[in-house]
Amino acid sequence: MNILLLSPGYPGEMPSFTRGLADVGAHVFGVGDQHPGALPASVRERLAGYLQVRSLWDEAAVVEAVRRWPEARRIDKVECLWEPGMLLAARLREALGVDGLGVAATLPFRDKERMKQVLDAAGLRTPRHVRCNTTAECWDAAEQIGFPIIIKPIAGAGSADTYRVDSADELRGILPRLGHVPEVSVEEFVDGAEFTFDTVCVEGQIAYFNIAWYRPRPLVARSNEWVSPQVIALRNVDQPTLAGGVKLGHDVIRALGFRSGFTHMEWYLKADGEVVFGEIGARPPGAHQVDQMNHACEFDVFREWGRAVAWGRFDVDIQRKYNVSTIYKRAHGQGQIQRIVGLDRIRKLYGEHIVWDNLLPVGSPRRNWRNTLVSDGFLMLRHPELQDLVSISDDIGENLQMYAG
């Protein structure tokens with residue numbers, strides 16, 4: 001099986017997916033805008049071939065370059081796990097005549113309005129929503145839906161450029177910040193807890209799924225620098241509280257006609273028990289949430305994803321042994337990390353539960369917390385009991401502090 005993988009070396013988790021494909025015997029041919037020498041060594045040693053293009057975002061040029069590439073005649077499938085490259089992957093499948101989601105089937109995963117229109121037609125509960133291209137349309141949509149509302153990019157990923165708006169005065173202040181966004185979705189604000197429904201599918205059938213709990217909701221975490229966001233992969237996905245979200249996830253996959261690979265869906269659970277769809281991408285979650293799945297079930301999800309897309313199989317007996325939490329930290333101040341307070345105590349108390357210490361070391365420059373959930377690093381830990389894990393996570397969130405200057 002010869003698989004063309006877009007951007008095999010970037011962003012950070014892509015080398016693990018490259019490895020996953022190679023581990024199950026696929027021949028991986030990479031296409032990216034990184035120089036071959038800049039690819040991680042773990043990627044270079046696993047690629048059967050690599051085509052460097054000037055820019056991945058000049059889709060017409062990339063398609064033409066791949067057409068001319070002699071290796072393209074050997075390609076059986078095209079895979080992409082990075083949100084901005086989804087439509088390019090679809091165009092390459094059509095250009096090469098290989099199996100998988102084409103442009104029409106991919107668009108609902110990239111266009112949040114089209115996505116919700118398909119699900120509305122299938123009778124699934126989505127937030128009330130309007131596509132807007134102008135300031136006047138945003139004002140009309142706000143009046144139609146009623147405050148509070150959410151404004152988000154039609155083709156965005158995560159919660160970048162996403163705002164909760166509670167009043168006309170707030171809307172007046174936020175609209176100028178969206179001048180660089182060509183289209184937005186104005187939506188009903190759904191008040192509730194937020195979860196994921198992540199899947200690996202094989203020909204439309206869900207072979208594996210994961211549910212993660214956001215603490216707090218991403219919109220809150222992206223709006224307040226002092227927050228230490230948590231994402232908790234849940235062990236007990238069969239609990240009655242989550243049943244509506246699981247059913248919704250299956251219904252969404254079916255309605256959108258997803259075939260094989262990873263999906264990442266977000267959904268809301270309201271206080272009255274109502275379940276509401278958020279959005280979905282035809283890709284895995286970021287910020288090392290796939291690594292969480294590995295630690296929760298103790299199998300290599302990257303490899304089993306590779307087996308699913310290359311050979312149409314998922315050969316693991318799934319046993320959910322742990323809840324897994326990732327606590328992302330943001331340093332106080334700007335500049336370089338100067339000190340980390342509380343880490344020795346946390347290691348002494350919880351060391352047996354910590355599976356990954358990814359905190360930036362002293363001397364490292366701070367990252368821009370608005371651009372990456374990973375921020376200035378994280379601790380990942382696991383525990384079979386959810387309440388114990390929540391207590392430990394809150395201790396870390398409140399009492400582990402990083403300082404920059």
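Definitions and cut-offs
Residues numbered from 1 in each chain as written. Predicted model: local features only at pLDDT ≥ 70, side-chain atom pairs only at ≥ 80, totals over all residues. Heavy atoms only, no water. Pairing = 2+ DSSP bridges. Helix = DSSP H or I, 4+ residues; strand = E, 2+ residues; numbered from the N terminus. Axes fitted to C-alpha atoms, helices over the stretch in contact; angles between N-to-C directions. Contact = heavy atoms within 4.5 Å. Buried < 20%, exposed > 50% of the residue type's maximum accessible area, 1.4 Å probe, protein only. Lys, Arg positive; Asp, Glu negative; His and termini not counted. Salt bridge = Lys/Arg side-chain N within 4 Å of Asp/Glu carboxyl O. Parallel < 35°, antiparallel > 145°, perpendicular 65-115°, else oblique. Left-handed = near helix turned anticlockwise from the far one by under 90°. Nonpolar A, V, L, I, M, F, W, Y, C, P; charged D, E, K, R; others polar. Core = buried A, V, L, I, M, F, W, Y, C linked by side-chain atoms within 4.5 Å. Arc of directions from axis to C-beta. Phe/Tyr/Trp six-rings, centres within 6.5 Å; stacked < 30°, edge-to-face > 60°.

As recorded by an unreviewed UniProt entry, the protein chain carries the name ATP-grasp domain-containing protein and is attributed to Nannocystis bainbridge.

(A) The sheet that holds strand β8 (residues 184-188), seen in detail. Pairing in this open sheet of four strands is antiparallel, and the strands run β5-β8-β6-β7 from one edge to the other. Two strands in the sheet have a free side with no partner beyond their single neighbour: β5 (129-132) and β7 (163-165). Across the sheet, the mean angle from the axis of one strand to that of its neighbour is 25 degrees, orientation sign disregarded. In terms of strand pairing, strand β6 (residues 149-153) meets β8 through five bridges, oriented antiparallel. In the sheet register, P153 faces β8, and the bridge partner there is V184. Helix-sheet contacts for helix α6 (residues 112-121) involve β5, β6 and β8, and the interaxial angle to β5 is about 145 degrees.

(B) Structural context of the sheet that holds strand β2 (residues 27-32). Read across the sheet, four strands follow the order β3-β2-β1-β4 without closing on themselves; strand pairing throughout is parallel. Whereas interior strands pair on both sides, the edge strands pair on one side only; in this sheet they are β3 (47-52) and β4 (77-79). Strand-to-strand twist in this sheet, taken as the mean axis angle between neighbours without regard to direction, amounts to 25 degrees.

(C) Molecular detail of the environment of I145. For I145, the location among the structural elements is in helix α7 (residues 135-145). Note: C-alpha distance between I145 and F189 (44 residues apart in sequence) is 9.3 Å. Filtering out sequence-adjacent residues up to four positions away, I145 remains in contact with R128, H129, V130, V186, E187 and E188.

(D) Broad picture of the side chain of K77. Tracing the sequence through the fold places K77 in strand β4. No salt bridge is formed by the buried K77, whose closest oppositely charged neighbour, E203, lies at an N-O distance of 5.2 Å.

(E) Quick look at the environment of A122. Along the chain, A122 falls in the loop between α6 and β5. Along the sequence, A122 and A255 sit 133 residues apart, while their C-alpha atoms lie 6.5 Å from each other.

(F) Main features of the packing of helix α3 (residues 59-68) against helix α4 (residues 86-96). Packing of α3 against α4 brings their axes to within 10 Å, and their N-to-C directions diverge by 40 degrees. Relative to α4, the element α3 lies oblique. Between α3 and α4 lies a crossing whose hand is right-handed. Where α3 approaches α4, its residues E59, V62, V63, V66 and R67 are matched on the opposing element by L87, L88, R91, L92, A95 and L96. Residues of the contact of α3 with α4, tallied by class, amount to eight nonpolar, no polar and three charged.

(G) The environment of V276, seen in detail. Tracing the backbone shows V276 in strand β14 (residues 275-281). Separated by 115 residues in sequence, V276 and D161 have C-alpha atoms that sit 21 Å apart. Not counting residues within four places of it along the chain, the set of residues in contact with V276 comprises R125, T126, P127, V190, L248, W267, Y268 and K270.

(H) The nonpolar core, seen in detail. By size, the foremost hydrophobic cluster in this structure holds 45 residues, and its most contacted members are I211, V252, W267 and I280. Per-element accounting of this core gives the leading share, five residues, to helix α10 (residues 243-256). The contact partners of V252, leaving out residues within four places of it in the chain, are L119, L124, M265, F277 and I280. Membership of the second largest hydrophobic core comes to 39 residues, among which are F262, V301, V309 and V324.

(I) Fine view of the packing of helix α13 (residues 343-350) against helix α14 (residues 386-399). Two elements in contact, α13 and α14, have axes separated by 10 Å at closest approach and are oriented at 170 degrees. With respect to α14, the axis of α13 lies roughly antiparallel. Taking contact as the criterion, the partners of R345, I346 and Y350 in α13 are, on α14, I392, D395, I396 and N399. Of the residues contributing to the contact of α13 with α14, the split by class is four nonpolar, one polar and two charged.

(J) Just α13, in detail. Those residues of α13 that sit buried are L343, I346 and Y350. Looking down the long axis of α13, one finds its buried residues gathered within 60 degrees of arc, a one-sided arrangement. Every exposed residue of α13 that faces more than 90 degrees away from the buried side is listed here: D344 and K348. The inward-facing, buried residues of α13 abut β16 (337-341), β17 (354-357), β18 (378-383) and α14.

(K) Region of the structure containing the side chain of T196. Tracing the backbone through its elements, the reader meets T196 in strand β9 (residues 192-202). The class for T196 is buried, based on a relative accessible area of 0%. Here T196 is in contact with N210, I211, A212, Y214, H264, M265, E266, W267 and Q289, once residues within four sequence places are set aside.

(L) Inspection of the packing of aromatic side chains at higher detail. Enumeration according to the criterion identifies 15 aromatic pairs in this entry. Ring geometry for F17 against F302: centres 4.8 Å apart, planes inclined by 75 degrees, an arrangement best described as edge-to-face. One end of the pair, F17, is in helix α1 (residues 14-23); the other, F302, is in helix α12 (residues 301-311), with 285 residues separating them in the sequence. A relative accessible area of 1% means that F17 is categorised as buried. Overall, F302 belongs to the buried group, its relative accessible area being 1%.

(M) Quick peek at the pairing of β18. Summarising burial for β18: six of the six residues are buried, a large majority. Of the two faces of β18, both are covered, the one formed by F378, M380 and R382 as well as the one formed by L379, L381 and H383. In this structure, strand β15 (residues 323-328) lies alongside β18, joined through six bridges in antiparallel fashion. Paired with Y328 across the two strands is F378, which belongs to β18.

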